[in-house]
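This is what each chain is made of:
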Amino acid sequence: MFETLAEQPADALLALIGLFRDDPRQGKLDLGVGVYRDETGATPIMAAVKEAERILLETRTSKSYLGPEGDLAYVDLLKPIAFGADPGPRLTGVQTPGGTGALRLGAELIAMAKPGARVLVGTPTWPNHAPIIKATGLTLVAHPFFDVATQTLDFAALTAAIAASAPGDVVLLHGCCHNPAGADLCDAQWDDLARLLAERGVTPFVDLAYQGLGRGLDADAYGTRRLMTTLPEVLVAYSCDKNFGLYRERVGALYALAADEASAAAVKSNMAALARVNWSMPPDHGAAIVRTVLESAELTAIWRDELDRMGARVRAVRAALADAEPKLAWIADQQGMFSTLPLARSQIERLRLDHGVYMAGSGRINLAGLRVGDVPAFVEALAAVGFPG
Ligand code: LMR
């Protein structure tokens, strides 16, 4: 039967990991996949995580199954971090394998509630969003969100798309640190958006994968929290892969705010049923680490401090880049690890082949891949391919 299968291209972003690894050049720069790097270029295990792992190693007595919802203490402990004040029994959630697992489960939940539902998606967006939406039989409706050439966020296009939507539609939103544009709504825009969504009966599905890596834990959650206090129903795909540096452990959660407690119970049972047919039960180790950190006031303080310093480092790189090349001044105003440079394909290829600078084919760069000391060489490489012109 396999002869019917056409070969699929490798995921372009993930393929960069191998290309970079195999490049022998000194001074090569990996601005590709979205992992945090420190000022030495390493992606370290966070101190709070290491300590939690030590505690787990010493205290765990069983690896027996937990069930399709995963570690519910982890799911509960994350709520005040993500949502601030506890919205109470209308909020439910389950553990998922990473933010991608949460997005997939959320999309399947939407499809279960409303097969083929329309999901409004601003472009550009993370390359995995559209395939996940389509794979679950939902209808993707794209609208412009960010113009790379002028580096401007098109709030009018977002509100126009919502104004043209029908009750029961869904809108996918980046909670913070927009991937790939680094362009976030300001607080006043979130307020307007929440009101508009309530008026139109449109449900937000928030991808919150970088909380704490932009303006800080609370500021990065402003929009998500505003939606939660304004709307009857909200879905949130949460990832701890970045803000706990747990990438390969795959640590996420899907939360749903439902109209009432009974509806929340029904939602949770559907999440559990969908998890069961996908992965049966999520992998435990990463969520157990996050739970162990959040159960300890001391470890939580260490984690928050380390995360703050990670965010500050990315902001310092942004500032250094804006200083070194005034035509890129906008980069200092953007949030999180990513920005997208308006580069032609040929320039991106020359940067990789001639200068050892690796970035996504869209022109997205991971600022955390740069040390402040790399900035002059990076700006020189950009100039050598004629950017910013
Ligand atoms: C990224 O956008 O680089 C990360 O979210 C990694 C991924 O899975 O694509």
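Residues numbered from 1 in each chain as written. Predicted model: local features only at pLDDT ≥ 70, side-chain atom pairs only at ≥ 80, totals over all residues. Heavy atoms only, no water.

### Things to note about the layout of surface pockets
Where empty space is left becomes clear once a probe the size of a water molecule has been rolled over the atoms.
Turning to step 1, where the next piece is worked out: Computed from the structure, the second largest pocket encloses a volume of approximately 340 Å³.
Turning to step 2, where the next piece is worked out: As for the second largest pocket, its lining consists of 17 residues, of which L109, I110, A113, E233 and L235 are closest to the centre.
Turning to step 3, where the next piece is worked out: Contributing elements (two or more residues each) for the lining of the second largest pocket: α4 (98–113), β9 (234–239), β10 (251–257) and α10 (261–278).
Turning to step 4, where the next piece is worked out: Tallying contributions element by element places α4 first for the lining of the second largest pocket, with 4 residues.
Turning to step 5, where the next piece is worked out: Residues that form the lining of the second largest pocket fall into these classes: 11 nonpolar, 4 polar and 2 charged. (1 Å grid on protein atoms, 1.4 Å probe; cavity = no way out; pocket = protein on both sides within 12 Å on 5 of 7 lines; lining within 4 Å. Points joined across faces, edges and corners; volume = space filled by probe spheres on them. Helix = DSSP H or I, 4+ residues; strand = E, 2+ residues; numbered from the N terminus. Nonpolar A, V, L, I, M, F, W, Y, C, P; charged D, E, K, R; others polar.)

### Section: the sheet that holds strand β7 (residues 170–174)
Turning to step 1, where the next piece is worked out: Spatially, β2-β10-β9-β8-β7-β3-β4 is the arrangement adopted by the 7 strands of the open sheet, whose pairing is mixed. Lying at the two open borders of the sheet, with one neighbouring strand each, are β2 (91–97) and β4 (139–144). The sheet shows a mean angle of 20° between the axes of neighbouring strands, direction not considered.
Turning to step 2, where the next piece is worked out: In this structure, β9 lies alongside β10, joined through 6 bridges in antiparallel fashion. Pairing of L235 across the sheet is with A256, part of β10.
Turning to step 3, where the next piece is worked out: Packed on one face of the sheet, helix α7 (residues 187–200) meets β7 and β8 (203–208) and runs near 165° to β7. (Pairing = 2+ DSSP bridges. Axes fitted to C-alpha atoms, helices over the stretch in contact; angles between N-to-C directions. Contact = heavy atoms within 4.5 Å.)

### A short note on the environment of A163
Turning to step 1, where the next piece is worked out: Position of A163 relative to the elements: it lies in helix α6 (residues 155–163).
Turning to step 2, where the next piece is worked out: With a relative accessible area of 42%, A163 lands in the partly exposed category.
Turning to step 3, where the next piece is worked out: In this structure, the C-alpha to C-alpha distance between A163 and R200, residues 37 residues apart in sequence, is 7.0 Å. (Buried < 20%, exposed > 50% of the residue type's maximum accessible area, 1.4 Å probe, protein only.)

### Some words on the site of the ligand
Turning to step 1, where the next piece is worked out: Surveying the vicinity of the ligand reveals the residues L13, V33, G34, W126, N179, Y210, K242 and R364.
Turning to step 2, where the next piece is worked out: A distance of 3.1 Å separates an oxygen atom of the ligand from a polar side-chain atom of K242.
Turning to step 3, where the next piece is worked out: When the ligand is considered free in solution it has 260 Å² of accessible area, and contact with the protein chains removes 79% of it. (Near = heavy atom within 4 Å. Polar contact = N/O pair within 3.5 Å; in protein donor to acceptor, adjacent residues only side chain to side chain. Areas by Shrake-Rupley, 256 points an atom, 1.4 Å probe, with all protein chains shown as cover.)

### Overview of the domain arrangement of the protein chain
Turning to step 1, where the next piece is worked out: Partitioning the protein chain into domains gives domain 1 (2–45 + 299–384) and domain 2 (65–295).
Turning to step 2, where the next piece is worked out: Contact residues are listed per partner, giving 23 residues for domain 1 and 27 residues for domain 2.
Turning to step 3, where the next piece is worked out: For the pair domain 1 and domain 2, the summed buried surface comes to about 2,300 Å²; carbon and sulfur atoms form 61% of the total.
Turning to step 4, where the next piece is worked out: The tally of links between domain 1 and domain 2 comes to 0 salt bridges.
Turning to step 5, where the next piece is worked out: Here domain 1 and domain 2 share 11 residue pairs in polar contact (both at pLDDT 80 or more) between them.
Turning to step 6, where the next piece is worked out: The set of elements that each furnish at least two residues to the side of domain 1 that touches domain 2 consists of α12 (297–324) and β11 (338–340).
Turning to step 7, where the next piece is worked out: When the residues that make up the side of domain 1 that touches domain 2 are grouped by side-chain class, the tally is 11 nonpolar, 9 polar and 3 charged. (Domains from an automatic or database assignment. Buried area = accessible area lost by both parts, 1.4 Å probe. Salt bridge = Lys/Arg side-chain N within 4 Å of Asp/Glu carboxyl O.)

### Points about a nonpolar patch on the surface
Turning to step 1, where the next piece is worked out: Taken together, the side chains of M1, F2 and L5 define a hydrophobic patch exposed on the protein surface, amounting to about 430 Å² of accessible area.
Turning to step 2, where the next piece is worked out: Its place among the elements puts M1 in the segment before α1 (12–21).
Turning to step 3, where the next piece is worked out: By relative accessible area, which is 73% here, M1 ends up exposed. (Patch = residues over 30% accessible without salt bridge, like charges linked within 9 Å, V, L, I, M, F, W, Y side chains within 5 Å.)

### Overview of empty space enclosed by the protein
Turning to step 1, where the next piece is worked out: Evaluation of the coordinates by the stated rule reveals 3 cavities of 30 Å³ or more.
Turning to step 2, where the next piece is worked out: Roughly 140 Å³ of internal volume is contained in the largest cavity.
Turning to step 3, where the next piece is worked out: If you go around the largest cavity, you meet 14 residues; those closest to its centre are F145, L172, L173, H174 and H178.
Turning to step 4, where the next piece is worked out: Looking at the lining of the largest cavity, the elements with two or more residues in it are β3 (118–123) and β7.
Turning to step 5, where the next piece is worked out: The dominant element in the lining of the largest cavity, judged by the number of residues it contributes, is β7, at 3 residues.
Turning to step 6, where the next piece is worked out: When grouped by side-chain class, the residues that make up the lining of the largest cavity number 8 nonpolar, 5 polar and 1 charged.

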